[in-house]
Amino acid sequence: MTTMTAQTTQVYSVFIRATPEQIWEAITTPEFTSKYFYGSLVDSTFEPGSKYNSWSSDRSQLMVDGVIEEAEAPTKLSHTWRALYDEESAAEEYSRVTWEIEAGDGGVSKLTVVHDRLEASPKTAASVAGGWMYVLSGLKTLLETGKPLAG
């Protein structure tokens, strides 16, 4: 039971020396996402009901698609998620990613990412379990130093 819960709802938190507005910009702007999110370029108007797409760095392949469920800049973004970079993942049901940003003291904000609705998406659950900490570490490093985590 514990394993199933861990796989179907994944929660990650990180403290970043940045404002909520800076974090919001970093998660909604392709110029930023390309530097920490495996080179991907996010593409959306971020209006509820609009498409959420993530493209390869050369825009030749759609890597992730979904729909914006909620967007309250600069504190919350929620969207569905279907990984298209793998045939098995692409055949699974959509899951959901929610980004919650909380302002803290001293210019430090807390970013929590919840990836849930993974019950019918075991391949996606396994894939993102190893990826979210790398993505969030890259985001933190980029915002705090101005340089990407990886070359």
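Relevant structure appears above.
Residues numbered from 1 in each chain as written. Predicted model: local features only at pLDDT ≥ 70, side-chain atom pairs only at ≥ 80, totals over all residues. Heavy atoms only, no water.

Enquirer: How should I be thinking about the side chain of Ser56 in this particular structure?
Expert: Within the secondary structure, Ser56 is located in the loop between β3 (51-55) and β4 (62-72). A relative accessible area of 13% places Ser56 in the buried class. Each residue touching Ser56, except ones within four places of it in the same chain, is listed here: Gly39, Leu41, Gln61 and Met63. (Helix = DSSP H or I, 4+ residues; strand = E, 2+ residues; numbered from the N terminus. Buried < 20%, exposed > 50% of the residue type's maximum accessible area, 1.4 Å probe, protein only. Contact = heavy atoms within 4.5 Å.)

Enquirer: Help me understand the packing of aromatic side chains in this model?
Expert: Two aromatic rings are characterised by how far apart their centres lie and by the angle between their planes. Tallying each qualifying case throughout the model produces seven aromatic pairs. A ring pair is formed by Tyr36 and Phe37, whose centres lie 6.0 Å apart and whose planes are at 40°; its orientation type is tilted. For the pair Tyr36 and Phe37, a shared accessibility class is recorded, and that class is buried. Seen from their ring centres, Trp81 and Trp132 are 5.7 Å apart, and the 50° between their planes marks the pair as tilted. One end of the pair, Trp81, is in strand β5 (residues 76-83); the other, Trp132, is in helix α5 (residues 122-145), and 51 residues separate them in sequence. Owing to a relative accessible area of 5%, Trp81 belongs among the buried residues under this scheme. The exposure class assigned to Trp132 is buried, which follows from its relative accessible area of 2%. (Phe/Tyr/Trp six-rings, centres within 6.5 Å; stacked < 30°, edge-to-face > 60°.)

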